[in-house]
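Fold and geometry: a report
The residues making up each chain are set out below.
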Amino acid sequence: MTLILASSSAIRRALLEQAGVSFRVERPDVDEARIEATHAGHDFELALSLAEAKAAEVSTRHSGDWVIGGDSVVSVEGRRFMKPRDRDDAADHLLHFSGKAMRLVSAVALARNGELEWNHISDAVLHFRPLSEEFIQAYLDAEWPDVSYCVGVFRMEGLGVTLFDEVEGDHFTILGLPLLPLLGALRERGLMAS
Ligand SMILES: Nc1nc2c(ncn2[C@@H]2O[C@H](COP(=O)(O)OP(=O)(O)OP(=O)(O)O)[C@@H](O)[C@H]2O)c(=O)[nH]1
């Protein structure tokens, strides 16, 4: 029996590796746009649906193996933001975020043989400080394209921390994986040492 992380996210992989979890990675094959279209305005439900879809899809291809799926959704003043298309889009996102509060929702799910066995959702609120256009360009000079896969255009474990006045919520949730509840679920299933 193997544990699989159904994610292309480098940070999700790193978090599990740093926690000493034995697993392998498999990219999920999920039509995220179709699921997103059916969850307009409900970030918690969308993040969970996407995490579950990724876990379930990969688990149907690997009989008996446990599969982790994850997803993060961000909204600012009720408007959901997807990953930036390019550097200019990233700059536009950051200009919009300036001085506002972002809600970041991260969901994680476990599946086996196509059945969803466990999930956890948590959210964080990140308060952007006022960002000048000059700052944004200097930030992107340093961080683009490395942040192109990050839904909020930041890596909190890096320079992203300079964007905020205040952050409320779990650090791992912000990175995209509610790690502590997940490790508990893995222990309960004998998938890591208790
Ligand atoms: N390194 C880093 N990544 C972040 C941070 N905040 C959000 N992310 C990433 O932003 C991405 C959100 O997109 P998702 O659709 O959830 O996941 P993905 O990267 O597309 O990968 P899949 O799981 O294969 O869908 C995830 O990879 C998160 O880990 C952060 O502070 N640091």
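An unreviewed UniProt entry lists the chain under the name Nucleoside triphosphate pyrophosphatase, with Sphingomonas alba as the source organism. Recorded in UniProt for the chain, the comment headed Cofactor (unreviewed entry) runs: "a divalent metal cation". In the Sequence similarities (unreviewed entry) part of its UniProt record, the chain is described as follows: "Belongs to the Maf family."

1. Structural notes on the side chain of Glu57
Inspection of the secondary structure puts Glu57 in helix H3 (residues 43–60). According to the relative accessible area criterion, Glu57 is buried, its value standing at 18%. When residues no more than four places from it in sequence are discounted, the contact partners of Glu57 are Pro28, Asp29 and Val30.

2. With respect to the packing of helix H4 (residues 87–97) against helix H5 (residues 133–143)
Running from amino to carboxyl end, H4 crosses H5 at an angle of 135°, the nearest separation of the two axes being 10 Å. As summarised for this structure, H4 and H5 are arranged oblique, according to the angle between their axes. In this structure, H4 crosses over H5, and the sense of that crossing is right-handed. Across the interface between the two elements, Arg87, Ala90, Ala91, Leu94 and Leu95 of H4 pack against Glu133, Ile136, Gln137, Tyr139, Leu140 and Asp141 of H5. Per-class residue counts for the contact of H4 with H5 are 7 nonpolar, 1 polar and 3 charged.

3. Side note on the nonpolar core
Counting residues in hydrophobic clusters, the biggest one holds 47 residues, and the most contacted among them are Leu94 and Phe154. Considering each element in turn, this core owes the most residues, 5 residues, to helix H7 (residues 179–188). Discounting residues that sit within four places of it in the chain, Phe154 has contacts with Met102, Leu104, Leu126, Phe128, Tyr139, Val147, Gly160, Leu163, Phe164 and Ile174. Counting 16 residues, the second-largest nonpolar core is a separate cluster that includes Ile4, Leu46, Leu50 and Ala51.

About the criteria used
- Residues numbered from 1 in each chain as written.
- Predicted model: local features only at pLDDT ≥ 70, side-chain atom pairs only at ≥ 80, totals over all residues.
- Heavy atoms only, no water.
- UniProt positions renumbered as here; feature names shortened; annotations may be inferred.
- Helix = DSSP H or I, 4+ residues; strand = E, 2+ residues; numbered from the N terminus.
- Buried < 20%, exposed > 50% of the residue type's maximum accessible area, 1.4 Å probe, protein only.
- Contact = heavy atoms within 4.5 Å.
- Axes fitted to C-alpha atoms, helices over the stretch in contact; angles between N-to-C directions.
- Parallel < 35°, antiparallel > 145°, perpendicular 65-115°, else oblique.
- Left-handed = near helix turned anticlockwise from the far one by under 90°.
- Nonpolar A, V, L, I, M, F, W, Y, C, P; charged D, E, K, R; others polar.
- Core = buried A, V, L, I, M, F, W, Y, C linked by side-chain atoms within 4.5 Å.

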